[in-house]
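Understanding the architecture of this molecule
The lines below spell out each chain.
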Amino acid sequence: MDTIYFLVQQMMYFSIPLLVVALGGMFSERSGVTNIALEGIMIIGAFTGILFINMFQGMLPGQPILILAIIIAAATGIIVSLTHAFASINMKADQVISGTAINMFAPAFAIYVARMIRTVQQIPFVNQFRIEKVPVLGDIPLLGGLFFRNAYITTYLGFAILIISWVVLYKTRFGLRLRACGEHPQAADSVGINVYKMRYIGVAISGALAGIGGLIFVIPTSTNFNATVAGYGFLALAVLIFGQWNPFKILLAAFFFGLMKTIASAYSGIPVLSALDIPNEVYKMIPYIATLIVLAFTSKNSQAPKAEGIPYDKGSR
Amino acid sequence: MNISIKRFLSSEGVANFASSLMAIIIGLLVGLLILLVSNPRQALNGFGAILFGGFTDMKNLGQVFYFATPIILTGLSVGFANKAGQFNIGASGQFIVGAFAAVYVGVKWTFLPGALHWGVALIMAMLAGALWGLIPGILKAFYNVNVVISCIMMNYIGMYLVNVLVTNTVFDSLKNQSQRVASTAVIPKMGLDNIFRAGNSPSSVNAGIFIAIIAGIIIYIIVEKTQFGFELKACGLNPDASKYAGINSHRTIIISMMIAGALSGLGGALLYLAGSGKSIEVLDVLAPEGFNGIPVALLGQGNPIGIIFAGIFVAYLTVGGFNMQLFNFVPQVTEIIIAVIIYFSAFALLFKDFIRSHYAKDEDKLTKTRPVSQGSLGGDK
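Residues numbered from 1 in each chain as written. Chains lettered and ligands numbered in written order. Predicted model: local features only at pLDDT ≥ 70, side-chain atom pairs only at ≥ 80, totals over all residues. Heavy atoms only, no water.

1. Section: the overall build of chain B
Helix and strand content of chain B: 16 helices and four strands. Taken over the C-alpha trace, chain B has a radius of gyration of 21 Å; the compact-globule value for 381 residues is 21 Å, and the two agree within 12%. For chain B, the spread of C-alpha atoms along the three principal axes comes to 65 × 60 × 35 Å. Put simply, chain B has 381 residues, and 56% of those count as buried. Across chain B, the fraction of contacts at a sequence separation of at least 24, relative to all contacts at a separation of at least 6, is 76%. (Helix = DSSP H or I, 4+ residues; strand = E, 2+ residues; numbered from the N terminus. Rg over C-alpha atoms; globule rule 2.2 N^0.38 Å. Buried < 20%, exposed > 50% of the residue type's maximum accessible area, 1.4 Å probe, protein only. Contact = heavy atoms within 4.5 Å.)

Structure follows, in structure tokens:
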């Protein structure tokens, strides 16, 4: 039983960032803009958030500083994502190219700034954010062990973002308009929706969530930031597609990917798996292979937004 | 203005060159700005090192060609797939499986005599890379899977697979990397190390740069002078029209991705067989050479000959970035400059339209040529 508690707690550290970033990607793609810059935005968000924690740690207590860092990460994420929005919405540039540029820019920028102000590229921080046990809830027999011990507030933030995303996308006028822009921007425009504005908002939301995702990926899994988020932005993209652009399917996909990552890093502690003696790289490969297989089966009638990746041009037919 | 000058300025090649140049200038200006902000007193010296670092001595010039070799090939790979309308972001995975195949042959197949050894290593690397390009090609052609996504997946699968394979076959456990290849598997220097050297220290340049240039010329011939090249471009420009014209688009996509993969695989082989002491490290990091092929292909505007020069240019900036460390700057400035160049080269269409509207007002507008969708995403739906 302790093994299962441990696995679930570990899985949350991997799954929640994937969930948050993939939801971000969902807003961007549902508005019609492909965002492969998620990886780069995560790095920038983690960089500013961790830098803030590094500078102000000790002056403020643990949880408030984390919340402030999350806000800063989200804000920088939005700023970076706006460059992508400008290229892909106003300039009608190839969205994959501007995303690639951001992915290349982000780690270089993080290393450059870190080394210029601190002479080394790693930024250390003290992990004072882990919650041993949530009062009252941590004592619930089964659920307490699974979700309310050794947790971070970011876990609950992740679930909150999931529910808000679902409500916004399916239960509000804004969500309907956003989806319309991703499916058929000409039709949306004809009924008076400002396609450019909706797409800017979609990309900005993805920037905010990717920035947060970068920070909450680094905090539970490391004690210093080294200008990388280990490919989680690309993995989140896979989660998004695996989850077929639907919030709750994205949650399931994020759990699946998180579980595989957990097994890859902790399988030697699980008796059944360590007896199998499979190299841990195999576990690391499984999410990617599974994504390819799922894509092969679903791409013929994919749920992808129809106008995704195509710049909207008012003059075109 | 004289009509012939106008025609010259509005021609496709000049417009392409001008838009690349524009992106490069903006990128360099951003680089200068960053240097000025971080250390105003040394900024101009540092910037000078980026601009002229590759020319300071013959060794540095040799290093430029050494760094250019793999990225010319990954650039050709990205550019070639783009001709068929596919964005090959999977060059990194194709690169590393190619590198592994070459290193495996280099370490294990010592029964091969002399020049045959490195020759076979290169061929095996191309086959491995082709296989890594084949899978996204098949998934695209028969299952309509987005090439960008499947290539990203193949990058990670390739990286982890190579880590497993290196650890189990050609592992140097002390250094946590692959073993050194046999001396017969190292690409010959062809005397280049005697030309490109500073005093007693030779640069790492070798015949690989010639192989890269020859590959570029071959790709140019395939694209411009063969029927397959024509079909490829037709598929990239308008998939529906090419299907209507009787071109087998499935076959074209699959073959183009295989050739693209083979080029990246060859790039991996040329880097790890260069005899510069570089081995495949067992780390969870994607090979950066694959991603550096993207700016090279963009700067070269997809033209194979342009890509050769673009690869040398990017390598030149990289060497300049190393030299900049003399002035206490961090070499990552180069990567920032390259990222900015990519970002602005995404605006290439806009630059071209701008040039046209200024110089081609009285030219026949019908001569306008412009790819329908440069990336693969537009054509997927």
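Text resumes after the structure shown.
2. Digging into the overall build of chain A
Per the secondary structure count, chain A includes 13 helices and four strands. Computed over the C-alpha atoms, the radius of gyration of chain A is 20 Å, within 12% of the 20 Å expected from 2.2 N^0.38 for a compact globule of 317 residues. Principal-axis analysis of the C-alpha atoms gives chain A an extent of 60 × 45 × 40 Å. A total of 317 residues make up chain A; the buried ones form 57% of that total. Partitioning the contacts of chain A with sequence separation of at least 6, the portion at a separation of at least 24 is 77%. When the accessible area of chain A is evaluated, it comes to approximately 12,400 Å², of which 68% is carbon and sulfur surface. Looking at charge distribution, chain A has the averaged site of its 20 positive side-chain charges lying 9 Å from that of its 12 negative ones. (Areas by Shrake-Rupley, 256 points an atom, 1.4 Å probe, with all protein chains shown as cover. Lys, Arg positive; Asp, Glu negative; His and termini not counted. Charge placed at Lys NZ, Arg CZ, Asp CG, Glu CD.)

3. Some words on helix H6 (residues 114-143) of chain B
Counted at 1.5 Å a residue, the expected span for H6(B) with its 30 residues is 44 Å, and the 44 Å between its end C-alpha atoms agrees. Remark: B:Asn144 follows H6(B) within two positions and exhibits a positive phi of approximately 60°. (Expected span 1.5 Å × (residues − 1).)

4. Topic: the packing of aromatic side chains
All names here are of chain A. Counted by the stated rule, this structure contains 27 aromatic pairs over all chains. Where Phe47 meets Phe225, the ring centres are 6.4 Å apart and the plane angle is 40°; that geometry is what we call tilted. Note that Phe47 is positioned in helix H2 (residues 38-56) and Phe225 in strand E4 (residues 224-225), a separation of 178 residues in sequence. When its relative accessible area of 1% is taken as the criterion, Phe225 is described as buried. The structure contains a cluster of three or more aromatic residues connected by ring pairs, namely Phe47, Phe105, Phe109 and Phe225. (Phe/Tyr/Trp six-rings, centres within 6.5 Å; stacked < 30°, edge-to-face > 60°.)

5. Some remarks on unusual backbone geometry
With the exception of glycine, the majority of residues adopt a negative phi angle, and the majority of peptide bonds are in the trans configuration. If you check the backbone angles, A:Ala227 has positive phi at about 60° while not being a glycine. Its place among the elements puts A:Ala227 in the loop between E4 and helix H10 (232-242). In this structure, B:Asn328 is a non-glycine residue whose phi angle is positive, near 65°. One can find B:Asn328 in the loop between helix H14 (304-323) and helix H15 (332-345). On the basis of relative accessible area, B:Asn328 is assigned to the exposed category, the value being 66%.

6. Focus: the environment of B:Ala185
Residues and elements named next belong to chain B. Relative to the elements of secondary structure, Ala185 occurs in the loop between strand E2 (177-178) and helix H8 (192-195). The spatial distance from the C-alpha of Ala185 to the C-alpha of Val223 is 31 Å, given a sequence separation of 38 residues. With residues up to four places along the chain from it excluded, the contact list for Ala185 reads Gly106, His117, Trp118 and Leu273.

7. Here's the deal with the pattern of salt bridges
Residue and element names in this part refer to chain B. Inspection of the entire model under this criterion finds three salt bridges over all chains. A salt bridge links Glu224 to Lys233; the nearest nitrogen and oxygen atoms lie 3.3 Å apart. Put simply, Glu231 and Arg251 hold a salt bridge, and the shortest N to O gap is 3.5 Å. You can see Glu231 sitting in helix H10 (residues 227-237) and its partner Arg251 sitting in helix H12 (residues 249-272), a full 20 residues away along the chain. Its relative accessible area of 41% is what places Arg251 among the partly exposed residues. (Salt bridge = Lys/Arg side-chain N within 4 Å of Asp/Glu carboxyl O.)

8. Concerning the confidence of the model for chain B
Here chain B averages 86 in pLDDT, and 90% of its residues register 70 or above. Predicted confidence for residues 362-381 of chain B stays below pLDDT 50, and this span has 43 contacts to residues more than four positions away or in other chains. (pLDDT = per-residue confidence, 0-100.)

9. What about the packing of helix H4 (residues 58-83) of chain B against helix H9 (residues 208-225) of chain B?
Residues and elements named next belong to chain B. Axis separation between H4 and H9 bottoms out at 8 Å; the angle between their running directions is 15°. As the angle between them shows, H4 and H9 are arranged roughly parallel. Relative to H9, H4 is oriented so that their crossing is left-handed. Contact residues: H4 offers Phe65, Ala68, Thr69, Ile72, Leu73, Leu76, Phe80 and Lys83, while H9 offers Gly208, Ile209, Ala212, Ala215, Gly216, Ile219, Ile222 and Val223. (Axes fitted to C-alpha atoms, helices over the stretch in contact; angles between N-to-C directions. Parallel < 35°, antiparallel > 145°, perpendicular 65-115°, else oblique. Left-handed = near helix turned anticlockwise from the far one by under 90°.)

10. Topic: a nonpolar patch on the surface
Residues and elements named next belong to chain A. A cluster of nonpolar residues, Met55, Phe56, Met59, Leu60, Ile67, Leu68 and Ile71, forms a patch on the protein surface that exposes about 650 Å² of accessible area. Contributions of two or more residues to the nonpolar patch are made by H2 and helix H3 (62-90). Tracing the chain through its elements places Leu60 in the loop between H2 and H3. Taking the relative accessible area as the measure of exposure, Leu60 reaches 33% and is therefore partly exposed. (Patch = residues over 30% accessible without salt bridge, like charges linked within 9 Å, V, L, I, M, F, W, Y side chains within 5 Å.)

11. Topic: the interface of chain A and chain B
In this assembly, 45 residues from chain A lie in contact with 46 residues from chain B. In total, chain A and chain B occlude about 4,200 Å² of area from one another, counting both sides; carbon and sulfur atoms represent 79% of this. Seen at the junction of chain A and chain B, the total is one salt bridge. In this structure, the salt-bridge partner of B:Asp284 is A:Lys284, at a minimum N-O distance of 2.7 Å. Put simply, chain A and chain B have three residue pairs in polar contact (both at pLDDT 80 or more) between them. Listed by contribution, the elements that provide at least two residues to the side of chain A that touches chain B are H3, helix H4 (95-118), H10 and helix H13 (280-298) of chain A. With 13 residues, the single largest contributor to the side of chain A that touches chain B is H4(A). Of the residues contributing to the side of chain A that touches chain B, the split by class is 29 nonpolar, eight polar and eight charged. (Buried area = accessible area lost by both parts, 1.4 Å probe. Polar contact = N/O pair within 3.5 Å; in protein donor to acceptor, adjacent residues only side chain to side chain. Nonpolar A, V, L, I, M, F, W, Y, C, P; charged D, E, K, R; others polar.)

12. What about the side chain of B:Ser249?
All names here are of chain B. Within the element layout of this structure, Ser249 appears in helix H12. Residue classification places Ser249 among the buried residues on the basis of a relative accessible area of 11%. Setting aside residues up to four positions removed in sequence, Ser249 forms contacts with Cys235 and Lys243.

13. Topic: the side chain of B:Asn60
Residue and element names in this part refer to chain B. Residue placement: Asn60 occurs in helix H4. A relative accessible area of 14% places Asn60 in the buried class. Among all residues touching Asn60, those that are not within four sequence positions of it are Gly53, Gly54, Val319 and Asn323.

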